[in-house]
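Chain residues, written in single-letter form:
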Amino acid sequence: VSCGKSARINGEVEGLGKGEVIVKLLDVNTYKVLDTLETDASGHFSYKVPVAEGQPEFVYLFHDETKIASLLLDRGDRVSVKTDTVGRFTVEGSEESEKLASVEKDFSDFTVEFASLADRLAGLDAASSEAAEVRKEMAKAYTDYYRGRVRYILENSHSLTVVPVLY
């Protein structure tokens, strides 16, 4: 894993064609733009990210203002990213990046489910039995997600992917 002084990203943005991908580095709590890449006519791009030894980096790929991929890169990683312009992506070649993608997908799935339940609840009489049932579903969804995140943290306590779980 520790060959070279960088990590390499080979990517494809489906549906983009010739366009731009912006590479950003998470610097504490703000994004720092590293580079703007031009994709070829097929949406392919390649980029090397400098990574200090023992200092993995959170790197994000954007198209316009939309985050299209999240990566946690270590020195020597060679990752392959397939994404689209709305942020549905897969990543291979970095266990930590794969974990980060899973963490983000779990959060996204939870927020979609919870928002759907909240929308259902908003259309109901607060005193109705149906509203009480939706509130129970919301509590269960939240509890299940919370327990899953605690389990994730305990099982991956040495991974930096717990940071976004905590925040």
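Scoring rules and cut-offs
- Residues numbered from 1 in each chain as written.
- Predicted model: local features only at pLDDT ≥ 70, side-chain atom pairs only at ≥ 80, totals over all residues.
- Heavy atoms only, no water.
- Helix = DSSP H or I, 4+ residues; strand = E, 2+ residues; numbered from the N terminus.
- Buried < 20%, exposed > 50% of the residue type's maximum accessible area, 1.4 Å probe, protein only.
- Contact = heavy atoms within 4.5 Å.
- Pairing = 2+ DSSP bridges.
- Axes fitted to C-alpha atoms, helices over the stretch in contact; angles between N-to-C directions.
- Core = buried A, V, L, I, M, F, W, Y, C linked by side-chain atoms within 4.5 Å.

### Focus on the side chain of serine 70
Okay, step 1: With respect to the secondary-structure elements, serine 70 resides in strand 6 (residues 66-73).
Okay, step 2: Residue classification places serine 70 among the buried positions, given a relative accessible area of 1%.
Okay, step 3: Residue contacts for serine 70: discarding those within four places in its chain leaves Val59, Tyr60, Phe89, Ser97, Leu100 and Glu104.

### Observations regarding the sheet that holds strand 1 (residues 6-14)
Backbone hydrogen bonds hold the strands of a sheet together, and the pairing may be parallel or antiparallel.
Okay, step 1: In spatial order, the strands read 4-1-7-8; together these 4 strands make up an open sheet with mixed pairing. The outermost strands of the open sheet, each flanked by one partner alone, are strand 4 (44-50) and strand 8 (90-92). Averaged over all pairs of adjacent strands, the angle between strand axes in this sheet comes to 20 degrees, irrespective of strand direction.
Okay, step 2: Here 3 bridges tie strand 7 (residues 78-84) to strand 8, and the two strands are oriented antiparallel to one another. Bridge pairing in strand 8 links valine 81 to valine 91.

### Here we look at the nonpolar core
Okay, step 1: Membership of the largest hydrophobic core comes to 23 residues, with the highest contact counts inside it found for Ile9, Val59, Leu61, Leu71, Leu73 and Val81.
Okay, step 2: Mapped onto this core, the elements with two or more residues apiece are strand 1, strand 2 (20-27), strand 4, strand 5 (57-63), strand 6 and strand 7.
Okay, step 3: With 4 residues, the top contributor of residues to this core is strand 6.
Okay, step 4: Discounting chain neighbours no more than four positions away, the residues touching valine 81 are Ile9, Asn10, Gly11, Glu12, Leu61, Ala69, Leu71, Thr90 and Val91.
Okay, step 5: One finds Ile22, Phe58, Tyr60 and Phe62 within the second-largest nonpolar core, a separate group that totals 6 residues.

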